[in-house]
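# Secondary and tertiary structure notes
Below, each chain spelled out in residue letters.
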Amino acid sequence: MSLPQLCIFDLDGVIVDTARFHYRAWKKTAGRFGYALTPAQNEALKGVSRRDSLACILKWAGITLQKDEFDTYCDEKNEMYLHFIKDISPEDALDGVVPFIRQLKEKGVKIALGSASKNARTIIEKLGILPLFDYIVDGTMTTRGKPHPEVFLLSSNHLDTPPSSAVVFEDAVKGLQAAKKAGMFCIGIGKASELPFADIVWPNFGDKTAEDLARCWSKPLTV
Ligand code: BG6
Ligand code: MG
């Protein structure tokens, strides 16, 4: 069985269903300046950093803010988000994802996190799965957000693995673009119709096994 050397997991929407909490917090924030954020716009914000998300919403709303107001809105959004996620516990991991990661780890695959969130480590700790990760890249460590490949290349560099031997699991279009730019095989998690750029799409982890991954992944031909 041929498995990749490294598997990199996005967090929000792949390991845990926190996308709805980001949406709820941004919707309230946008409501404060009289703008109604739509589910389709929220889709476009998946994988986008906190500051870039606010910049997008302001652009859609046609609003300009002073830097201190911008910072205040970002901080308030994060306070709301932290309140929404305060009770996250191991039961909140999405179906099948933790057993899947455990199987890969037992077979010697290196495991990394590749998240745009500055709250990623806190959430991983709340889920009780910190020991499963060989390396964690979060929003505090990157200078350029997805779709830039930095978030994934940091892991492959740190773990001394060529990108062509890494697989990325992502639920966001921008994350899939980042994985392709990194030269990594990527598996979209969600609906195929909403995940262009994915090499293949799984609706969820369900009962997926290491054997399923070995059967479907391949080294990208071009890097
Ligand atoms: C990504 C989410 O994982 O993290 C985005 O998909 C979010 O919606 C981004 O904006 C940054 O998260 P945080 O927790 O640093 O505000
Ligand atoms: Mg995500």
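The structure under discussion appears in the preceding block.
Below: a short report on this structure. Note that the coordinates shown come from a computational prediction; the quantities given were computed from them, not determined experimentally. (Residues numbered from 1 in each chain as written. Chains lettered and ligands numbered in written order. Predicted model: local features only at pLDDT ≥ 70, side-chain atom pairs only at ≥ 80, totals over all residues. Heavy atoms only, no water.)

## Comments concerning the coordination of the magnesium ion (ligand 2)
- Here the magnesium ion (ligand 2) is held by D10 (OD), D12 (O) and D171 (OD), and the distances to it run 2.0 to 2.1 Å.
- Each donor residue of the magnesium ion (ligand 2) lies on one chain, and together they are spaced D-x1-D-x158-D. The two residues D10 and D12 agree in class, both being buried. (Donors = N, O, S within 2.8 Å, 3.2 Å for Na, K, Ca; no water. Buried < 20%, exposed > 50% of the residue type's maximum accessible area, 1.4 Å probe, protein only.)

## Overview of the pairing of strand β1 (residues 6-9)
- Of the two faces of β1, the one holding L6 and I8 and the one holding C7 and F9 are both buried throughout.
- With 4 bridges joining them, β1 and strand β2 (residues 110-114) adopt parallel strand pairing. Following the sheet pairing, L6 is matched in β2 by K110. (Helix = DSSP H or I, 4+ residues; strand = E, 2+ residues; numbered from the N terminus. Pairing = 2+ DSSP bridges.)

## Here's the deal with the site of ligand 1
- Ligand 1 sits among 15 residues. The nearest are D12, V48, S117, K118 and N119.
- In this structure, an oxygen atom belonging to ligand 1 sits 2.6 Å away from a main-chain N or O atom of V48.
- At a separation of 2.7 Å, an oxygen atom of ligand 1 approaches a polar backbone atom of K118.
- Protein chains shield 96% of the accessible area of ligand 1, which is 390 Å² for the free molecule.
- Taken domain by domain, the shell around ligand 1 gets at least three of its residues from each of domain 1 (6-15 + 91-216) and domain 2 (19-85). (Near = heavy atom within 4 Å. Polar contact = N/O pair within 3.5 Å; in protein donor to acceptor, adjacent residues only side chain to side chain. Areas by Shrake-Rupley, 256 points an atom, 1.4 Å probe, with all protein chains shown as cover. Domains from an automatic or database assignment.)

## So, the packing of helix α3 (residues 50-61) against helix α4 (residues 67-84)
- Remark: α3 packs on α4, axes separated minimally by 10 Å, with the N-to-C direction vectors making an angle of 115 degrees. With respect to α4, the element α3 is oriented roughly perpendicular. Judged by the sense of rotation from one axis to the other, the crossing of α3 with α4 is right-handed. From α3, R50, R51, L54, A55 and L58 reach across to α4, where they touch K67, F70, D71, Y73, C74 and N78.
- In the contact of α3 with α4, the residues fall into 6 nonpolar, 1 polar and 4 charged. (Axes fitted to C-alpha atoms, helices over the stretch in contact; angles between N-to-C directions. Parallel < 35°, antiparallel > 145°, perpendicular 65-115°, else oblique. Left-handed = near helix turned anticlockwise from the far one by under 90°. Contact = heavy atoms within 4.5 Å. Nonpolar A, V, L, I, M, F, W, Y, C, P; charged D, E, K, R; others polar.)

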